[in-house]
Every structure is written in C-alpha cells, then in structure tokens.
Amino acid sequence: MSGRLEQLGRQIRRLRTTASDPGRTLQRALHLALDLAREQTGNEDGDFTTLAAKGLIEDELAARMERLVNRERLDGTDVTDETIVDLDVFLRSIELGHPAQPIEVPALGESPKLPPGTHRASVNVSGRVVSVVGRDGRAFVLVDDRPVGQPFDLGQVPMRPAALERDRDGTARITWAGELSLEIAPDFHSV
C-alpha cells in the first residue's frame, strides 16, 4: 500500500504547483484515492462512504470525494484549495488509520538554488518534502522549501536512507540511525 500512498502524495504535490493538465492530475489522484479506499475496505466495491462507516474518514469528506469521483469530466476548475485539502486529509487519514484534521496546504513555488557546498537530505512525508539542509557545520529543516524551526549544529548532513515513523496524532519521526532524528509536528509547522 505504501507505493500508492507515495504516488497520491506526488499527485497532490503536482496539484499544488502549476500542473500542465490539472484536470488529468486530479483524475489520477482520485483514482489512486479510490484504489486506497478499496484496499482499506478489502473489496472491489469499497468506496469513500464505506471508509467513513469504518471510521477512517469523516462523512463530509467521504461525500465530497464521492462527488468528485462520480463527475463525468474533471478539468482545471475542479482543482480548488478545498479539493487539495480534501485529498491531503484523505492521504493523512489513511496513513494514520483514523480521520486527520485539515491543515493548510500552501501552493508550491520553485525550489531555491542552494549555495555551492550545501548538502541536502530529503524525505517525503504525507506528500510534503522534509529536508535537512546543511553547510559548514550548521543545518536547518525545510518543509516544502519553507524553513521550520531554528538552525542547529550538525557536522554533516546524513546521506543514508532515513526511517519514517508516525504517531497516532500525526507526529512524524524521521531518523537517520546514529546521525540525526527529527520530530515533525502534525501541522508541519514545527520540528
């Protein structure tokens, strides 16, 4: 299932940028969401209302997702802030195993160019890119290229794969064994 979660996160990221065909991107995201709903319900007829009945998502979210999935044609006008937040809430709810709270999902811009000699280690967390960026013994954390928390001393940015764990409240722990451990708040505003 994690592969579909990552794919849905990527589609949500594309919707947060200037996707070349936002209607098609939304259609892909909804298809992935429906596949995840079917996996969670254990049958091919599973849908968002079944997930709501199981307590995995809220009834209102299920109704909005069903309306979108059942539309004959989707286009760029269907990609609204509410739609993106709904997809984000759905993704985080499936990851957590219970209804997640809506949080801000700002649009994404161009990634800033890093100065020479800067190292970056990144992990995808619920469709967001959490990065540790460091140079000359100092580092800081970015969430979708926005600084979060305070700079800190770090000899070297870890270059090995990281382990990701989630608490039931939505807190994410990213650990590079023996090197660095981060705890990201459920709203992605503090580390």
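The coordinates are above.
Read on for a plain summary of the structure. (Residues numbered from 1 in each chain as written. Predicted model: local features only at pLDDT ≥ 70, side-chain atom pairs only at ≥ 80, totals over all residues. Heavy atoms only, no water.)

**Observations regarding the overall build of the chain**
A count of helical and extended segments in the chain gives five helices and seven strands. Reading the chain from its N end, one meets helices and strands in the order α-α-α-α-α-β-β-β-β-β-β-β. Seen through its C-alpha atoms, the chain measures out along the principal axes to roughly 55 × 35 × 25 Å. Here the contacts in the chain between residues at least 6 apart in sequence split such that 47% fall between residues at least 24 apart. Carbon together with sulfur atoms contributes 46% to the accessible area of the chain, which is approximately 10,400 Å² in total. (Helix = DSSP H or I, 4+ residues; strand = E, 2+ residues; numbered from the N terminus. Contact = heavy atoms within 4.5 Å. Areas by Shrake-Rupley, 256 points an atom, 1.4 Å probe, with all protein chains shown as cover.)

**Side note on the environment of Asp78**
For Asp78, the location among the structural elements is in the loop between helix H4 (59–69) and helix H5 (81–96). Here the alpha-carbon distance between Asp78 and Pro161, two residues 83 residues apart in the chain, equals 37 Å. Those residues in contact with Asp78, other than ones at most four positions away along the chain, are Leu26, Arg71, Arg73 and Thr83. A distance of 2.4 Å separates the side chain of Asp78 from the side chain of Arg71, its partner in a polar contact. (Polar contact = N/O pair within 3.5 Å; in protein donor to acceptor, adjacent residues only side chain to side chain.)

**Examining the pattern of salt bridges**
Enumeration over the complete set of coordinates arrives at 16 salt bridges. A salt bridge links Asp88 to Arg92; its shortest N-O distance comes to 2.9 Å. In this pair, Asp88 and Arg92 both sit in helix H5, four residues apart, roughly one turn of the helix. Each member of the pair Asp88 and Arg92 is classed as buried. Residue Asp145 is joined to Arg120 by a salt bridge in which the shortest nitrogen-to-oxygen separation is 2.6 Å. Remark: Arg120 occurs in strand S1 (residues 119–125) and Asp145 occurs in the loop between strand S3 (138–143) and strand S4 (146–153); sequence separation between them is 25 residues. Residue class for Arg120 comes out partly exposed when judged on its relative accessible area of 28%. (Salt bridge = Lys/Arg side-chain N within 4 Å of Asp/Glu carboxyl O. Buried < 20%, exposed > 50% of the residue type's maximum accessible area, 1.4 Å probe, protein only.)

**Points about the sheet that holds strand S7 (residues 180–184)**
To summarise the sheet geometry, strands pair through backbone hydrogen bonds and adopt either a parallel or an antiparallel arrangement. Pairing is antiparallel across the open sheet formed by three strands, whose spatial order is S5-S6-S7. Of all the strands in the sheet, the pair left with one neighbour each is strand S5 (163–166) and S7. Sheet twist, expressed as the average angle between the axes of neighbouring strands with direction ignored, equals 15 degrees. Taken together, the five bridges between strand S6 (residues 172–176) and S7 define a ladder with antiparallel strand orientation. Note on S7: the bridge partner recorded for Ala172 is Ile184. (Pairing = 2+ DSSP bridges. Axes fitted to C-alpha atoms, helices over the stretch in contact; angles between N-to-C directions.)

**Focus on the sheet that holds strand S2 (residues 128–135)**
The strand order across the open sheet formed by four strands is S1-S2-S3-S4, and the pairing between neighbours is antiparallel. Every other strand in the sheet has two partners, leaving S1 and S4 as the edge strands with one partner each. Along the sheet, successive strands turn relative to each other by an average axial angle of 15 degrees, direction set aside. Note that S3 and S4 share five bridges and pair antiparallel. Paired with Val141 across the two strands is Val148, which belongs to S4.

**Overview of the side chain of Arg128**
In this fold, Arg128 is placed in strand S2. By relative accessible area, which is 4% here, Arg128 ends up buried. Apart from residues lying up to four places away in sequence, Arg128 is in contact with Arg13, Arg16, Asp88, Arg92, Ile103, Glu104, Val105, Val123, Val143, Asp144 and Phe188.

**Quick notes on the side chain of Glu66**
As for its placement among the helices and strands, Glu66 is situated in helix H4. Setting aside residues no more than four positions away along its own chain, Glu66 makes contact with Asp47, Phe48 and Thr49.

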